[in-house]
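Next come the chains, spelled out residue by residue.
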Amino acid sequence: MIYLAWFLNLFLALIIAMTIRRLFSNIILKRLAYALFLSLFTTFWFLYPGSKEMAPILSIYFLDMIESESFIQMRLIRPFVLVFFLILIFDFVIFRYKSKKK
């Protein structure tokens, strides 16, 4: 059952990111918005330090903000930034490959 939830999360994140990507006409903004929203919805991390359970960072961030009122969580920002740059680099490589192929 948990695999279905993760698959659904990934599927919905891709649909949302592709929809937001179509809102922009500039190529750079398209790529940045796509990477931002896809990494925001698909990055996951441990619920709390030392835990074995994992959850999307967006839900962890909102719960931490409500419970502990701390707005900046470095343990959540680091994996988000890593996934953001990986998606962005991968997107630019695919774009470069497609443009050379034509």
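Definitions and cut-offs
- Residues numbered from 1 in each chain as written.
- Predicted model: local features only at pLDDT ≥ 70, side-chain atom pairs only at ≥ 80, totals over all residues.
- Heavy atoms only, no water.
- Core = buried A, V, L, I, M, F, W, Y, C linked by side-chain atoms within 4.5 Å.
- Buried < 20%, exposed > 50% of the residue type's maximum accessible area, 1.4 Å probe, protein only.
- Helix = DSSP H or I, 4+ residues; strand = E, 2+ residues; numbered from the N terminus.
- Contact = heavy atoms within 4.5 Å.
- Expected span 1.5 Å × (residues − 1).
- Arc of directions from axis to C-beta.
- Phe/Tyr/Trp six-rings, centres within 6.5 Å; stacked < 30°, edge-to-face > 60°.
- Lys NZ or Arg CZ within 6 Å of the ring centre and 35° of its normal.
- Salt bridge = Lys/Arg side-chain N within 4 Å of Asp/Glu carboxyl O.
- Polar contact = N/O pair within 3.5 Å; in protein donor to acceptor, adjacent residues only side chain to side chain.

**A word on the nonpolar core**
- The biggest cluster of nonpolar side chains holds eight residues, and these are A13, A17, Y34, A35, L38, F84, I87 and L88.
- Mapped onto this core, the elements with two or more residues apiece are α1 (2–21), α2 (27–42) and α4 (74–101).
- With sequence-adjacent residues up to four places away left out, A13 is seen in contact with L38, F41 and T42.
- Among the nonpolar cores identified, the runner-up in size contains five residues, and A55, I57, L76 and F80 belong to it.

**Focus: helix α3 (residues 57–68)**
- In this model α3 runs 15 Å from its N-terminal to its C-terminal C-alpha over twelve residues, within 8% of the 16 Å that 1.5 Å per residue would give.
- Taken residue by residue, α3 has I57, I60 and D64 as its buried positions. Along the axis of α3, the buried residues cluster in a sector spanning 55°; they form a single face.

**Comments concerning the packing of aromatic side chains**
- Taken as a whole, this structure holds seven aromatic pairs when the rule is applied.
- Seen in terms of ring centroids, F84 and F85 are 5.4 Å apart; in terms of plane orientation they differ by 65°. Their pairing is edge-to-face.
- Of the residues examined, F84 reaches a relative accessible area of 15% and is grouped as buried.
- A residue is classified by how much of its surface remains accessible, and F85, at 42% relative accessible area, is partly exposed.
- Ring-pair connections join several aromatic residues into one group, and the members of that group are F80, F84 and F85.
- Just above the ring of Y34 sits the side chain of R21; from NZ or CZ to the centre is 4.5 Å.

**Looking at the pattern of salt bridges**
- Per the stated rule, a full pass over the model turns up two salt bridges.
- Residues D91 and R21 are paired through a salt bridge, measuring 3.0 Å at the closest nitrogen-oxygen approach. Here D91, found in helix α4, pairs with R21, found in helix α1; they are 70 residues apart in sequence, far enough to count as distant. For the residue pair D91 and R21, the accessibility class agrees, reading buried in each case.
- Residue D91 pairs with R31 through a salt bridge whose shortest N-O separation is 3.3 Å. A residue pair is termed long-range when its members are at least 10 positions apart, and D91 in helix α4 and R31 in helix α2 qualify at 60 residues.
- Of the residues examined, D91 reaches a relative accessible area of 9% and is grouped as buried.

**A closer look at the side chain of S39**
- Its place among the elements puts S39 in helix α2.
- At 2.6 Å, the side chain of S39 and the backbone oxygen of A35 are in polar contact.
- Side-chain polar atoms of S39 contact the backbone oxygen of L36, separated by 3.1 Å.
- Apart from residues lying up to four places away in sequence, S39 is in contact with F80, V83, F84 and I87.

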